[in-house]
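Coordinate analysis (summary)
So the chains spell out like this:
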Amino acid sequence: MLDREGYRPNVGIILVNTRNEVFWGKRIREHSWQFPQGGIKHGETPEQAMFRELFEEVGLRPEHVKILGRTRGWLRYDVPKHWIKREWRNTYRGQKQIWFLLRLVGRDSDVCLRASTHPEFDAWRWSDYWVPLEAVIEFKRQVYQQALFELSKTLFRTRPRDPPEAYKALAEVREP
């Protein structure tokens, strides 16, 4: 399911623990780490897709988390042409995502990377909220930067934390 511009609707999930560290999943049989994310199926709302993906990728159910916020609109990234299957190259550009900020209210032991028959991750860890951008695959960096920056205003509302310089540069570009 693509929109008119060639973007696939998708959700991204920033899951935080009580120390405001983020869940960072290691892609199965790869050396790359990322947040849980996945496509929105026909007829699903972004929230329904988020809960489905959360269970499929991390094994958590709605009772294990609390929704703290979501991005105001879609955040988009283009996938490099050499990553796109040949038959999709004329129509598919990338993904547009609604990002959710969730608080884990369950326990670390509730995380189960084998909840689905097609696991996405083979390891996980808690990381600092301000994920080093160089740890993110290049074509997704700006979306991660935008999502973390926007949702930080919700998470750190009572105790603001200064983002690293790479995130501050984004704020200067986006705010008039």
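Note that residues are indexed from 1 along each chain, following the sequence as it is written. The predicted origin of the model limits local features to residues at a pLDDT of at least 70 and limits the giving and counting of side-chain atom pairs to 80 or more, whereas totals for whole chains, interfaces and linings rest on all residues. Neither water nor hydrogens contribute to the side-chain values; these are computed over all heavy atoms in the structure.

**A word on the overall build of the chain**
The criterion, for reference: Note on conventions: DSSP H or I runs of at least 4 residues are helices, E runs of at least 2 residues are strands, and numbering of each starts at the N terminus. The rule is simple: take the accessible area with a 1.4 Å probe, protein chains only, and divide by the maximum for that residue type; under 20% is buried, over 50% is exposed, in between is partly exposed. In this analysis, two residues are considered to be in contact whenever any of their non-hydrogen atoms come within 4.5 Å of each other. Method for areas: the Shrake-Rupley scheme with a 1.4 Å probe, in which residue coverage is limited to the protein chains shown. For this count, His and the chain ends are skipped, Lys and Arg are scored as positive, and Asp and Glu as negative. To locate a charge, take NZ of a lysine, CZ of an arginine, CG of an aspartate or CD of a glutamate.
Of the regular secondary structure elements, the chain holds three helices and eight strands. Listing each helix as α and each strand as β along the chain from the N terminus yields β-β-β-β-α-β-β-β-β-α-α. Taking the principal axes of its C-alpha atoms as reference, the chain extends roughly 45 × 45 × 35 Å. Sorting the 176 residues of the chain into buried and exposed places 48% on the buried side. Long-range pairs, those at least 24 residues apart, make up 72% of the contacts in the chain with a sequence separation of at least 6. Carbon and sulfur atoms make up 49% of the accessible area of the chain, which amounts to about 10100 Å² in all. Seen as two clouds, the 31 positive and the 24 negative side-chain charges of the chain have centres 2 Å apart.

**Some words on the pairing of strand β2 (residues 22-27)**
The test is simple: The pairing criterion is simple: DSSP has to find at least two bridges between the two strands.
Of all six residues making up β2, five are buried, and the element is well covered by its neighbours. The pairing of β2 with strand β3 (residues 33-34) spans two bridges and is classified as antiparallel. What sits directly across from G25, in β3, is Q34. The hairpin turn running from β2 into β3, its antiparallel successor, is five residues long, and R29 in that turn takes a positive phi close to 55°.

**Notes on the UniProt feature "short sequence motif: Nudix box" (unreviewed entry) in the chain**
Counted only if it meets this: UniProt positions are given in the numbering used here, feature names are shortened, and annotations may be inferred rather than shown by experiment.
According to UniProt, the positions carrying the feature "short sequence motif: Nudix box" (unreviewed entry) are residues 38-59. Strand forms 9% of residues 38-59 and helix 59%; the C-alpha atoms that close the span are 14 Å apart.

**Things to note about the packing of aromatic side chains**
To keep things clear, this is the line we draw: Ring pairs are drawn from Phe, Tyr and Trp, using the six-membered ring of Trp, whenever the two centres fall within 6.5 Å, and their geometry is named by plane angle: stacked under 30 degrees, edge-to-face over 60, tilted for the rest. The rule is short: NZ of Lys or CZ of Arg within 6 Å of the ring centre and within 35 degrees of the ring normal puts a charge over the ring.
Within this structure, the stated rule accounts for 13 aromatic pairs. Judged by centre distance (5.3 Å) and plane angle (70°), the rings of W99 and Y144 are edge-to-face. Of this pair, W99 sits in strand β7 (residues 94-104) while Y144 sits in helix α2 (residues 141-155), and the two are 45 residues apart along the sequence. One exposure class covers both W99 and Y144, and it is buried. The rings of F23, F121, W124 and W126 are connected pair by pair, giving a single aromatic cluster. Looking at R76, its charged tip hangs above the ring of Y7, at a distance of 5.7 Å from the centre. Over the face of the ring belonging to W33 we find R125, whose NZ or CZ atom lies 4.0 Å from the ring centre.

**Focus: the side chain of R52**
Looking at the element boundaries, R52 is found in helix α1 (residues 46-58). On the accessibility criterion, R52 (16% relative accessible area) is buried. Ignoring anything within four residues of it in the chain, the contact list for R52 reads G39, I40, K41 and E44.

**Overview of unusual backbone geometry**
Phi at N20 takes a positive value of approximately 60°, unusual for a residue other than glycine. The class for N20 is buried, based on a relative accessible area of 15%. Here R29, not a glycine, exhibits a phi torsion of approximately 55°, which is positive. Turning to its location among the elements, R29 is positioned in the loop between β2 and β3.

**Some points on the UniProt feature "domain: Nudix hydrolase" (unreviewed entry) in the chain**
Residues given the UniProt feature "domain: Nudix hydrolase" (unreviewed entry) here are residues 6-149. Regarding residues 6-149, the helix share stands at 15% and the strand share at 34%, and the terminal C-alpha atoms are separated by 26 Å.

**Thoughts on α2**
So the rule is basically this: Helix span, expected: 1.5 Å multiplied by one less than the number of residues in the helix.
Relative to the 21 Å expected for 15 residues at 1.5 Å per residue, α2 spans 20 Å between its end C-alpha atoms, a close match to the ideal helical length. By the criterion of burial, α2 is predominantly enclosed, with 11 of the 15 residues buried. For α2, the complete set of buried residues consists of V143, Y144, Q145, Q146, A147, L148, F149, E150, L151, S152 and L155.

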